[in-house]
Amino acid sequence: MAETPQVAGGKRRRAVPAAAVKPTSRVRMSAAQRREQLISIGRQIFAERGFDATSIEEVASRAKVSKPVVYEHFGGKEGLYAVVVDREVRALLDRITTALTAGHPRELLEQAALALLGYIEEETSGFRVLVRESPVLSATGNFSSVMNDVAHQVEHILGAEFSSRGYDPKLAELYAQALVGMVALTGRWWLEVRKPRKETVAAHLVNLSWNGLSHLESKPGLITAGGR
């Protein structure tokens, strides 16, 4: 017969049979929940290390699962990376597209700049994944493809403005690429410095681009090499 343990005050407490003690069990994730967990962990590691330095072993370790679980969901590191990039590309493009609501071109420039800077500020890991170079192409592309999509939208806006102001509308594509490239490169710089605040950065970007556009020469030339 099991001995009843003695506690303070001389009173005895009845022993609890071992079979009555239920072990604490971990709540199992559904397949969908596990997939989301792995995507989130992969996103973070890709942002920290880049594609080449990321390993399935580390993804599995952080998720506390075996490597075969990761392979089962994504087929390998390339598959996981493609899913992560596809999501970020869509998120960034949706954010910028949704922001372009105003009719006035200057307001559209402001909204596009703020949308990109807002994404960098709020989804830093996702932006780091997008701007890192990788040999793997995702289904929807990468950061460059997003910026090209945005540039095409800006091109239509500039084309209409150029026509109304007597400029060659065929040059709208060149100016759109220049404007979007300026914002994108400034965003990559701001990713690291984070100052001044995004509203100030956006204001200066629009100041440079809009005031430059407002005083365009219809047929610009170069001062050097006898350009004028």
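The paragraphs below set out a description of the structure included in this document. (Residues numbered from 1 in each chain as written. Predicted model: local features only at pLDDT ≥ 70, side-chain atom pairs only at ≥ 80, totals over all residues. Heavy atoms only, no water.)

### Structural notes on the side chain of Glu-88
Quick reminder of the rule: A helix here means a DSSP run of H or I that spans at least four residues, while a strand means a run of E at least two residues long, and both kinds are numbered starting from the N terminus. In this analysis, two residues are considered to be in contact whenever any of their non-hydrogen atoms come within 4.5 Å of each other.
Note that Glu-88 resides in helix H4 (residues 77-99). Once you skip the residues sitting within four places of it in the chain, Glu-88 turns out to touch Arg-43, Tyr-119, Gly-126 and Leu-130.

### Observations concerning the pattern of salt bridges
Our working rule: One speaks of a salt bridge when a side-chain nitrogen belonging to Lys or Arg is within 4 Å of a carboxyl oxygen belonging to Asp or Glu. Categorising residues by exposure relies on relative accessible area from a 1.4 Å probe, with only protein chains included: less than 20% of the type maximum marks a residue as buried, more than 50% marks it as exposed, and the intermediate range marks it as partly exposed.
Across all of its chains, the model carries 14 salt bridges by this definition. One salt bridge in this structure joins Glu-57 and Lys-67, with 3.2 Å as the shortest N-O distance. One end of the pair, Glu-57, is in helix H2 (residues 56-63); the other, Lys-67, is in helix H3 (residues 67-74), and ten residues separate them in sequence. The salt bridge partner of Arg-106 is Glu-110, with a shortest N-O separation of 3.5 Å. Taken together, the residues span about one helical turn, with Arg-106 and Glu-110 both in helix H5 (residues 105-122) at a distance of four residues. The partly exposed category is assigned to Glu-110, whose relative accessible area is 34%. Among the charged side chains, a network of salt bridges with common partners joins Glu-48, Arg-49, Glu-58 and Arg-62.

### A short note on empty space enclosed by the protein
To keep it simple, the criterion reads: With a 1 Å grid spanning the protein atoms alone, the term cavity applies to any set of points in which a 1.4 Å probe fits but cannot get out, the term pocket to an open set with protein on both sides within 12 Å along at least five of seven lines, and the term lining residue to any residue with an atom within 4 Å of a point. Grid points are joined across faces, edges and corners, and a volume is the space filled by probe spheres set on the points. Polarity classes work like this: nonpolar for Ala, Val, Leu, Ile, Met, Phe, Trp, Tyr, Cys and Pro, charged for Asp, Glu, Lys and Arg, and polar for all others, with Gly in that last group.
Applying the stated criterion across every chain yields a total of five cavities of 30 Å³ or more. Estimated volume of the largest cavity: approximately 120 Å³. Along the walls of the largest cavity sit Ile-96, Leu-109, Ala-112, Ala-113, Leu-116, Met-147, Val-150, Val-154, Leu-179, Val-180 and Val-183, which together make up its complete lining. At the level of elements, H5, helix H7 (143-165) and helix H8 (172-193) are the ones that each hand at least two residues to the lining of the largest cavity. Per-element tally for the lining of the largest cavity: the top contributor is H5, with four residues. Residues belonging to the lining of the largest cavity are distributed by class as follows: eleven nonpolar, no polar and no charged.

### Some points on H2
Those residues of H2 lying buried are Ile-56, Glu-58, Val-59, Ala-60 and Ala-63. Here the buried face of H2 lies against helix H1 (31-53), H3 and H4. Of the residues one or two after H2, Lys-64 is the one with positive phi, at around 60°.

### A look at the nonpolar core
Filter applied, for reference: Throughout, nonpolar core names a set of buried Ala, Val, Leu, Ile, Met, Phe, Trp, Tyr and Cys residues whose side chains join them through atoms within 4.5 Å.
Counting residues in hydrophobic clusters, the biggest one holds 59 residues, and the most contacted among them are Val-70, Leu-92, Leu-116, Phe-127, Phe-143, Met-147 and Leu-158. By residue number, the principal contributor to this core is H4, which donates nine residues. Excluding anything up to four places from it in sequence, Phe-127 contacts Leu-116, Tyr-119, Ile-120, Phe-143, Gly-187, Arg-188 and Leu-191.

### Concerning the side chain of Ser-125
To be explicit about the condition: Any N or O atom pair separated by 3.5 Å or less is treated as a polar contact, with the protein-specific requirement of one donor-capable and one acceptor-capable atom, and with residues adjacent in sequence counted only for side-chain atom pairs.
Within the secondary structure, Ser-125 is located in helix H6 (residues 124-131). Residue Ser-125 is classed as buried on the basis of its relative accessible area of 15%. At a separation of 3.2 Å, a polar atom in the side chain of Ser-125 contacts the side chain of Gln-44. Once you skip the residues sitting within four places of it in the chain, Ser-125 turns out to touch Arg-43, Gln-44 and Ala-47.

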